[in-house]
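Read off the chains here:
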Amino acid sequence: MDYKKAGVDIEAGYQSVELMKKHVAATMRPEVLGGLGGFSGAFSLAKVKEMEDPVLLSGTDGCGTKVKLAVIMDRHDTIGIDAVAMCVNDIACAGAEPLFFLDYIACGKNIPEKIASIVKGVAEGCVQSEAALIGGETAEHPGLMPEEDYDLAGFAVGVCDRKDMVTGENLKVGDVLIGMASSGVHSNGFSLVRKVFEKEMTREGLNTYYDELGATLGETLLAPTRIYVKALKAVKAAGVTVKACSHITGGGFYENIPRMLREGTHAVVKKDSYPVPPIFGLLVKKGEVTEHVMYNTFNMGIGMIVAVDPADADRAMEAMKAAGETPYVVGSIEAGEKGVTVC
């Protein structure tokens, strides 16, 4: 008896590392010390000394049951972008620059080409967010997970000067809410998505083309989560102060927008201020999902919302557009109980 007969293939693990090296290399920053294969990832904080009062911010998250669609479609090269996005967007909306990322893949069976494809997506997410992929773990779990299944999660660390942290404390009545368009469902609400499309959760069903989507169902649902790091950096570089910011993830508008508010302020979001992607209309129609549940579960086409002074709104939107995002003025801040009205 040996480890391989017990279900864990060490040689496959070595092969996975070799196949992913080129993807990891594309994410390197000057601060990274050492190479792939050490017991820990090392990152120099020499540049942080230039800050008056540096603060480290961290985030960890996964892709939820969106991974199940990647497994069904046997397409694994974008799910890693989602894992990175869920972490770095949280860090960025607090005002920080992501520095580095680590991934964790648990799988029923280590298939090197498949693991390398997953890490390729992780590396792409790191490139988009300018974070270094400095480490990770692939754990083979025979008997705990079916051979074809896996789960993916990540952890990111960022930094900002305390004076640049986005806290919402200076939010005031009349401030403008700018929303940046999402790429679709992103990485939240997929348990509901899979229930609504339960009969379509096969390779054939997900490859079905929908006129209203202009793509197959699988392509639409697997579209990777947008990463807003560069857009938020561009807004800061344009001299605009982001007073408050919310990453619209699980819990949709109703849970996430109040998290950016201070006491005595109330956010009002206009539903007709931007186009809602057709996938959400299809979910409503097919699943008979109520409007409240939709806005309480999904991003509804807006992945990140920032609050700025009205005088800065145009400049902020131009910076977002220059960074490749599509912004909309979606509402404003009013006086009232901490919360959000979607109308």
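The rules behind these values
Here, residues in each chain are numbered from 1, in the same order as that chain's written sequence. Per-residue local features are limited, in this predicted model, to residues with pLDDT of at least 70; the limit for side-chain atom pairs, both in listing and counting, is 80 or more; totals at the level of whole chains, interfaces and linings are taken over all residues. Side-chain figures throughout are based on the complete set of non-hydrogen atoms in the structure, without hydrogens or water. Only the stretch in contact is used when a helix axis is fitted, and all axes are lines through C-alpha atoms; the angle between N-to-C directions ranges over 0 to 180 degrees. In this text, helices come from DSSP runs of H or I with a minimum length of four residues, and strands from runs of E with a minimum of two, each type numbered from the N-terminal end. An angle below 35 degrees is read as roughly parallel, one above 145 as roughly antiparallel, one from 65 to 115 as roughly perpendicular, and any other as oblique. Crossings are sorted by hand: turned counterclockwise from the far helix by less than a right angle, the near helix makes the crossing left-handed, and turned clockwise it makes it right-handed. Should any heavy atoms of two residues lie within 4.5 Å, those residues are counted as being in contact. The classification used treats Ala, Val, Leu, Ile, Met, Phe, Trp, Tyr, Cys and Pro as nonpolar, Asp, Glu, Lys and Arg as charged, and all other residues, Gly among them, as polar. By definition, disulfides here are pairs of cysteine sulfur atoms that lie within 2.5 Å. Accessible area is worked out with a 1.4 Å probe on protein chains only. A residue is then buried under 20% of its type maximum, exposed over 50%, and partly exposed in between. Paired strands, in this sense, are two strands between which DSSP finds at least two bridges. Centre distance within 6.5 Å is the pairing criterion for rings of Phe, Tyr and Trp, where only the six-membered ring of Trp is used; planes under 30 degrees apart are then read as stacked, over 60 as edge-to-face, and the remainder as tilted.

### Observations concerning the packing of helix H3 (residues 79-92) against helix H4 (residues 112-129)
Following both chains from N to C, one finds H3 and H4 inclined at 40 degrees, their axes separated by 6 Å at the closest point. By the angle between their directions, the pair H3 and H4 is classed as oblique. Considering the relative orientation of H3 and H4, their crossing is right-handed. On the side of H3, the interface is formed by Ile79, Gly80, Ile81, Val84 and Val88, while H4 contributes Ile118, Gly121, Val122, Glu124, Gly125, Cys126, Gln128 and Ser129. Classifying every residue of the contact of H3 with H4 gives seven nonpolar, five polar and one charged.

### Describing the state of the cysteines
Applying the stated rule across the entire model yields zero disulfides. In this structure Cys107 is a free cysteine whose sulfur lies 15 Å from that of Cys63, the closest cysteine sulfur available.

### Focus: the pairing of strand E11 (residues 265-269)
By the criterion of burial, E11 is predominantly enclosed, with five of the five residues buried. Burial of the side chains of E11 extends over both faces: Thr265, Ala267 and Val269 are buried on one face and His266 and Val268 on the other. Sheet analysis places E11 next to strand E13 (residues 327-335), joined by five bridges and oriented antiparallel. Bridging from a neighbouring strand, His266 pairs with Glu334 of E13. Inspection of the sheet shows E11 paired to strand E14 (residues 339-342) by four bridges, in the parallel sense. Residue pairing in the sheet places Val268 in a bridge with Thr341 of E14.

### Looking at the pairing of strand E12 (residues 302-308)
Of all the seven residues making up E12, seven are buried; the element is thus mostly covered by neighbouring parts of the structure. By the bridge criterion, six bridges tie strand E7 (residues 176-181) to E12 in an arrangement that is antiparallel. The partner of Val176 across the bridge, within E12, is Val308. As paired elements, strand E10 (residues 244-247) and E12 share four bridges and run antiparallel to each other. Each residue of the ladder has a partner; that of Ala244, found in E12, is Ala307.

### Details of the sheet that holds E11
Spatially, six strands are ordered E10-E12-E7-E13-E11-E14 in an open sheet, and the strand pairing comes out mixed. Among the strands making up the open sheet, the edge pair consists of E10 and E14. Mean inter-strand twist for the sheet, computed between neighbouring axes without regard to direction, equals 25 degrees.

### Comments concerning the packing of aromatic side chains
One pass over the structure, following the stated rule, counts four aromatic pairs. On the numbers, 5.3 Å between centres and 75 degrees between planes, the contact of Phe253 with Tyr295 is edge-to-face. Here Tyr295 lies in helix H11 (residues 291-295) and Phe253 lies in helix H9 (residues 252-256), a separation of 42 residues in the sequence. Overall, Phe253 belongs to the buried group, its relative accessible area being 1%.

### Some thoughts on the sheet that holds strand E6 (residues 150-161)
One open sheet accounts for four strands, arranged E3-E6-E4-E5; its pairing is mixed. Because the sheet does not close on itself, it has two edges, and the strands there are strand E3 (54-62) and strand E5 (132-140). Along the sheet, successive strands turn relative to each other by an average axial angle of 15 degrees, direction set aside. Looking at chain direction, strand E4 (residues 97-107) and E6 are connected through 10 bridges and run antiparallel. When the sheet's bridge partners are listed, Glu97 is paired in E6 with Val159. In the packing of H3 onto the sheet, the strands contacted are E3, E4 and E6, and the crossing angle to E6 comes to about 30 degrees. Set on the sheet, H4 makes contact with E4, E5 and E6; between it and E4 the angle comes to about 165 degrees.

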